[in-house]
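Chain by chain, the residues run as shown.
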Amino acid sequence: MSAISSAAQPDLPIPDPLPLRLKLLIIATLKLDDVRPEEIPDDEPLIGSPRFGLDSLDALELVLAIEQEFGVKIGNSEESRRALGTVNTLAAYLRSCPVAA
Amino acid sequence: MNAPADQLAVGLMACGCLTPFGDAGATTTALLAGRRALEFSPVLGRGGGDLVPLALTGPMDETLPPRWLPALRQLGAGIPPAAWGAARSPVIVASSNFGVGSLYAFTRDHDTRHLAHGTPFASVGLLRGEFGWGEHVHIFSHACVTAHLGLAHAARLLHAGLADRVLVFAFDFVSPFVAGGFHSLKILNGALPAPYARRESGSIGLGDGAAFAVLTRDSAPFRLAAHALHNEMFHPTGNQPDGAGFAACAAAIAATAGGRRVWVKGHGTGTLEAGRLEAEGLARQFPSAPLVSWKGSLGHTLGSCGLVELAVALAALRGGRIPGTVGGAAPSFADNVALEPFGGTDFDGAILTSNAFGGAHAAMLLTHD
């Protein structure tokens, strides 16, 4: 059945699952119970955003959660700050890590 | 509006410290030679983990009694005898972490004996018993400006006529709990600190440190002439991004220095953002004063650093040579960062500063004959 569906719609782009996975992780880690994944933009700053009120302590929690979830090691605070820029920069960072799952 | 500095001059009747190099004299000699006490060690001690730069007086693991007690006994042997802890001779104990590593050890080993010195009150109680101090013991803890607060409080006690002499005693020994915390923050990592260096990423080292000072209102060859304290009240962890907090404290202490020729011993942990703001703020107030940090060798001894580094400064002044910024590298955040030792006889004062998590700033003016 799925093979038939795929064959019938060959040109539809396959959604990248990583940004959605990251948004779900952000919501769960930071207990943003009133926020839905689609409300987190892909390309707006995560930390310091007045929309979500995330600060450096939230960033620390997020870094630990990301390291645990994806099996990566963020080396220093500057690398952490760059990676946590936006959902897109975080996704790009994880794709650049050889051990990211 | 920023508070002016306290100008309550007090005499330094005695001062000493303990670092992995030994006492203040040995520490100064090592710094002048450019030696680092920092070595790469597992962040969790026997628990393993990443290798990070730590300057330790012995294995980091928690012991019974706590590993800092024998070291403090050694330091305490140099304290001039007095009825310490009596009403007119109070003791101020300053630490950022006291025996917090023992709480970690308790959670790991479930040995309740660790709890006997796991809190500030309990660890100071252990010291009181060890040194025979009376009941007039004040406990101070305000992150990395703690020792400065203790020294400033001592000056206030003396000038208020509430004490004849004050012993300020500071200690912080690295534990897996503390090292692990800084490692989680990503600022204690696999690189050596390079204070004030303009580079791609920052890092700190942590170190064991303890020190004491005896202060009176009597005249002495070395004097603490002024203290400036400032808290940004801006953010629970971060600094004002424009450096206003660093600038306010530097301006307050500069106002007390008058026309003195000073050098500056800064905080300089090796982090990038705070290091830049600090160096720029100090350079604006003291553009021709050499700026040094010794944390690239000794590591950051947290709440005790202000007093440990005061003891080193005194030993350096006695010897006539001031250690440079060990571990630093050009280019620096400010032109006046001194990477190499320099002569101390060209100066008639020194500014010693510390900064803390959450935007707390402290500075003091050290003067001498």
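Note that the structure is a prediction, hence the values are computed from the model and not measured.

Cut-off values and rules
- Residues numbered from 1 in each chain as written.
- Chains lettered and ligands numbered in written order.
- Predicted model: local features only at pLDDT ≥ 70, side-chain atom pairs only at ≥ 80, totals over all residues.
- Heavy atoms only, no water.
- Helix = DSSP H or I, 4+ residues; strand = E, 2+ residues; numbered from the N terminus.
- Rg over C-alpha atoms; globule rule 2.2 N^0.38 Å.
- Contact = heavy atoms within 4.5 Å.
- Areas by Shrake-Rupley, 256 points an atom, 1.4 Å probe, with all protein chains shown as cover.
- Lys, Arg positive; Asp, Glu negative; His and termini not counted.
- Charge placed at Lys NZ, Arg CZ, Asp CG, Glu CD.
- Buried < 20%, exposed > 50% of the residue type's maximum accessible area, 1.4 Å probe, protein only.
- Buried area = accessible area lost by both parts, 1.4 Å probe.
- Salt bridge = Lys/Arg side-chain N within 4 Å of Asp/Glu carboxyl O.
- Axes fitted to C-alpha atoms, helices over the stretch in contact; angles between N-to-C directions.
- Parallel < 35°, antiparallel > 145°, perpendicular 65-115°, else oblique.
- Left-handed = near helix turned anticlockwise from the far one by under 90°.
- Nonpolar A, V, L, I, M, F, W, Y, C, P; charged D, E, K, R; others polar.
- Pairing = 2+ DSSP bridges.
- Core = buried A, V, L, I, M, F, W, Y, C linked by side-chain atoms within 4.5 Å.
- pLDDT = per-residue confidence, 0-100.
- Phe/Tyr/Trp six-rings, centres within 6.5 Å; stacked < 30°, edge-to-face > 60°.
- Expected span 1.5 Å × (residues − 1).

A. Region of the structure containing the overall build of chain B. Along its length, chain B carries 10 helices and 15 strands. Taken over C-alpha atoms, the radius of gyration comes to 19 Å for chain B, in line with the 21 Å a tight globule of 369 residues would show. In chain B, the share of contacts with a sequence separation of at least 24, taken over all contacts with a separation of at least 6, comes to 78%. For chain B, the accessible surface area stands at approximately 13,300 Å², while carbon and sulfur atoms represent 56% of it. For chain B, the distance from the average position of its 24 positive side-chain charges to the average position of its 26 negative side-chain charges is 3 Å.

B. Representation of the environment of A:P50. All names here are of chain A. Position of P50 relative to the elements: it lies in the loop between α2 (17–29) and α3 (56–70). Its relative accessible area of 81% is what places P50 among the exposed residues. Sequence separation between P50 and S80 is 30 residues, and the spatial gap between their C-alpha atoms is 20 Å.

C. Representation of the interface of chain A and chain B within the structure. The interface is formed by 14 residues belonging to chain A together with 13 residues belonging to chain B. Summing the contributions of chain A and of chain B, the shared interface buries around 1,000 Å²; its carbon and sulfur component is 55%. It is A:L60, A:N76 and A:E78 in chain A that bury the most area against chain B; as a group they hold 35% of the surface buried on that side. Viewed at the interface, chain B and chain A are joined by 2 salt bridges. In this structure, A:E67 engages B:K186 in a salt bridge whose closest nitrogen and oxygen atoms are separated by 2.2 Å.

D. Inspection of unusual backbone geometry at higher detail. A cis amide bond links B:L64 with the next residue in sequence, B:P65, at an omega value of -5°. Within the secondary structure layout, B:P65 lies in the loop between β3 (51–55) and α2 (68–76). At the junction of B:A330 and B:P331, the peptide bond is cis and its omega measures out at 0° in the coordinates. Relative to the helices and strands, B:P331 is located in the loop between β12 (321–322) and β13 (342–343). Positive phi is not limited to glycine here, since A:K31 has a value of about 55°.

E. Representation of the packing of helix α7 (residues 244–257) of chain B against helix α8 (residues 272–285) of chain B in the model. Residue and element names in this part refer to chain B. Interaxial distance between α7 and α8 falls to 9 Å at its minimum, and their mutual angle equals 30°. On the basis of their axis angle, the class for α7 and α8 is roughly parallel. α7 and α8 meet at a crossing whose hand is right-handed. On α8, the residues that touch F246, A247, A250, A251 and A254 of α7 are A274, L277, E278, G281, L282, R284 and Q285. When its residues are assigned to classes, the contact of α7 with α8 shows 8 nonpolar, 2 polar and 2 charged.

F. Spotlight on the pairing of strand β9 (residues 222–231) of chain B. Residues and elements named next belong to chain B. When you tally the buried positions in β9, you get 7 out of 10 residues, the bulk of the element. By the bridge criterion, 2 bridges tie strand β1 (residues 10–18) to β9 in an arrangement that is antiparallel. Pairing of V10 across the sheet is with L224, part of β9. Two strands pair when backbone bridges link them, and β9 and strand β15 (residues 360–368) are joined in this way by 9 bridges, in the antiparallel orientation. Residue A226 lies in a different strand from β15, and its bridge partner there is L365.

G. Looking closely at the nonpolar core. If you look at the biggest cluster of nonpolar residues, it comprises 52 residues, and the most contacted ones within it are B:L215, B:W263, B:L307, B:L310 and B:L366. Here this core takes 10 residues from helix α10 (residues 305–319) of chain B, the largest share from any one element. Sequence-distant contacts of B:L366, defined by excluding residues within four places in its chain, comprise B:L12, B:F222, B:R223, B:L224, B:L310, B:A313, B:L314, B:L317, B:G349, B:A350 and B:L352. Counting 28 residues, the second-largest nonpolar core is a separate cluster that includes A:L62, A:V72, A:A91 and A:C97.

H. Region of interest: the side chain of B:T146. Within the secondary structure, B:T146 sits in helix α5 (residues 146–159). Other than its neighbours up to four places away in sequence, B:T146 contacts B:A94, B:S95, B:S96, B:F140, B:S141 and B:G303.

I. How the structure looks around the pattern of salt bridges. Residues and elements named next belong to chain A. Throughout the structure, instances matching the rule amount to 19 salt bridges over all chains. We note a salt bridge from R36 to E39, for which the minimum N-O separation is 3.8 Å. Here E39 falls in the partly exposed class, since its relative accessible area comes to 31%.

J. Spotlight on the confidence of the model for chain A. A residue-level look at chain A finds 82% of positions with pLDDT of 70 or above and a mean pLDDT of 83. Throughout residues 1–7 of chain A the model reports pLDDT below 50, and contacts reaching past four residues in sequence, or to other chains, amount to 0 contacts.

K. Representation of the packing of aromatic side chains within the structure. Enumeration over the complete set of coordinates arrives at 9 aromatic pairs over all chains. Here a set of aromatic residues connected by ring pairs shows up, and it is made of B:W263, B:W294, B:F342 and B:F347.

L. Looking closely at the sheet that holds strand β11 (residues 291–292) of chain B. All names here are of chain B. In space, the 10 strands of this open sheet follow the order β5-β4-β6-β8-β1-β9-β15-β14-β10-β11, with mixed pairing throughout. Since the sheet does not close on itself, it has two edges, and those belong to β5 (137–140) and β11, each with one partner. Of the pairings in the sheet, the one linking strand β14 (residues 349–356) to β15 comprises 8 bridges and is antiparallel in character. Of the residues in β15, the one forming a bridge with A356 is A360. Packed onto the sheet, helix α4 (residues 120–131) meets β4 (91–94), β5 and β6 (165–172) and runs at close to 140° relative to β5.

M. A look at α5(B). Compared with the 20 Å implied by 1.5 Å per residue over 14 residues, the 20 Å span of α5(B) between its first and last C-alpha is a close match. Immediately downstream of α5(B), the backbone of B:G161 shows phi near 75°, a positive value.

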